[in-house]
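Here's the letter readout for the chains.
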Amino acid sequence: MRARVGATLLRVDRIGSTNDLLRALSAGGALEGTVVVAREQTAGRGRLGRVWASPPGGLWLSVLLRPDDPTDPRLGLVVAVGVAEGARRASGVSVVLKWPNDLMLNGRKVGGILVESLPPWAVVGIGLNVDVDPARLPARVRPYAGSLAAGGGRAAVERTLAAVVQHVDEVYAAYRCGAAGAVLSRWRDLCVTLGRPVVVRAGARTIEGVAETVDAQGALLVRRSDGSVTRLLGGDVTVLSEQRGR
Ligand code: BT5
């Protein structure tokens, strides 16, 4: 039987990256559902080797999963639903999602998900700015980053951790029981990107169009002005109205 997410929870004070510690633990016999949480990360990372600023006041954790397919692009979306729903419950603010892995509040990024697959494992990193002092974020990131507290949330890291772990367990259980479709439809309900004009940067490609939907495999479908539809499994989305407002 699958162990509950958080059944084993390891706390560390200061570490490079919780994903790295969990990778090491997975090689040493850790169980599915193991969680590592740090008060502070000194080398937190995002996708494609980007830096993830992780000062105290945020929730920085990693979850060890053993899905049938550790490279399933839906995993990040499924976990994002659990994080958004947990954050909403803990803080009372309406965290929303932006494809593929962003948690947003009032147009600012408050969190992100990083899935690293190491078959048979998927190490899923979750970063959430609960009550992070903006002065502790890099100047380049500050204008686009927010936090639950700055967005009016009743935020406390411990309460947010408990709610996030519980909701991630719930969505992952649904995913494992063949109900991924239902979780993806919750993802669509929480998403602010759909139906809006976007620019997606994916590797060397730039695609402009309307973000139509996310399909059953978790891919974003973008309809271009010539009517053609481009299907994307990764990339960075800018919502055009947001960009103009900057
Ligand atoms: C992500 O990457 O959004 C995934 C972030 C995952 C972080 C967690 S924390 C626990 C675990 N351990 C790790 O080492 N990582 C995971 P991406 O979509 O590539 O976004 C990265 C970009 O977000 C950066 O290039 C910055 O522009 C911006 N950024 C960096 N730190 C931020 C922060 N604290 N809040 C908001 N935006 C930030």
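Every chain is numbered on its own, with residues counted from 1 as its sequence reads. The predicted nature of this model means local features are confined to residues of pLDDT at least 70 and side-chain atom pairs, given and counted, to a pLDDT of 80 or more, with totals for whole chains, interfaces and linings taken over all residues. Side-chain measures were taken over the full set of non-hydrogen atoms in the model, leaving aside hydrogen atoms and water.

Quick look at the packing of helix α2 (residues 74–91) against helix α3 (residues 157–176) now. Angles run from 0 to 180 degrees between N-to-C directions of axes, and those axes are lines fitted to C-alpha atoms, restricted for helices to the stretch in contact. In DSSP terms, a helix is any run of H or I states spanning at least four residues, a strand is any run of E spanning at least two, and both are numbered starting from the N terminus. Packing of α2 against α3 brings their axes to within 7 Å, and their N-to-C directions diverge by 140°. Our classification of the angle between α2 and α3 gives oblique. Our pair here, α2 against α3, has a crossing hand that is right-handed. Note on element contacts: α3 touches α2 through R159, T160, A163, V164, Q166, H167, V168, E170, V171, Y172 and Y175, opposite R74, L75, V78, V79, V81, G82, V83, E85, G86, A87, R89 and A90. Lys, Arg, Asp and Glu make up the charged group, whereas Ala, Val, Leu, Ile, Met, Phe, Trp, Tyr, Cys and Pro make up the nonpolar group; the residues left over, Gly among them, are polar. Grouping the constituent residues of the contact of α2 with α3 by class yields 13 nonpolar, five polar and five charged. Throughout, the term roughly parallel applies to angles under 35 degrees, roughly antiparallel to angles over 145, roughly perpendicular to angles from 65 to 115, and oblique to all others. Throughout, a crossing is termed right-handed when the near helix is turned clockwise from the far one, and left-handed when it is turned anticlockwise from it by less than a right angle. Whether two residues touch is decided by their heavy atoms; if any such pair falls within 4.5 Å, the residues are in contact.

Any residue with a heavy atom positioned within 4 Å of a molecule or strand is treated as near that molecule or strand. Near the ligand you find 27 residues, and of these S17, R45, R50, K109 and N129 are the closest. Think of a polar contact as two N or O atoms within 3.5 Å of one another; within protein, one of them needs to be a possible hydrogen donor and the other a possible acceptor, and neighboring residues in sequence only count if both atoms come from side chains. Within the backbone of A53, a nitrogen or oxygen atom sits 2.9 Å from a nitrogen atom of the ligand. Between N101 and the ligand, the recorded distance is 3.2 Å, taken from a side-chain N or O atom to an oxygen atom. About the coverage of the ligand: the protein hides 93% of its 800 Å² of free accessible area. Buried and open spaces are told apart on a 1 Å grid over the protein atoms alone, a cavity being a set of points where a 1.4 Å probe fits but cannot get out and a pocket being an open set with protein on both sides within 12 Å along at least five of seven lines. Residues with an atom within 4 Å of a point are the lining residues. Each molecule is checked against the cavity or pocket grid, and it sits inside if more than half of its atoms lie within 2 Å of the grid points. When each cavity is represented as a set of grid points, the ligand is found to reside in the largest pocket. Counting residues per element, the ones that place at least two in the shell around the ligand are α1 (18–27), β3 (59–65), β6 (108–118) and β7 (121–128). Per-element accounting of the shell around the ligand gives the leading share, four residues, to β6. All accessible areas in this document rest on Shrake-Rupley with a 1.4 Å probe, and a residue is counted as covered only by the protein chains that are shown.

With that settled, consider α2. By definition here, a helix of n residues has an expected span of 1.5 Å times n minus one. With 18 residues, α2 extends 26 Å between its outermost C-alpha atoms, agreeing within 8% with the 26 Å of an ideal straight helix rising 1.5 Å per residue. Residue burial is assigned from relative accessible area. The probe radius is 1.4 Å, only protein chains are included, and a residue is buried under 20% of its type maximum, exposed over 50%, and partly exposed in between. In terms of burial, α2 is a largely internal element, 15 of the 18 residues being buried. Positive backbone phi, at 80°, marks G92, one or two positions downstream of α2.

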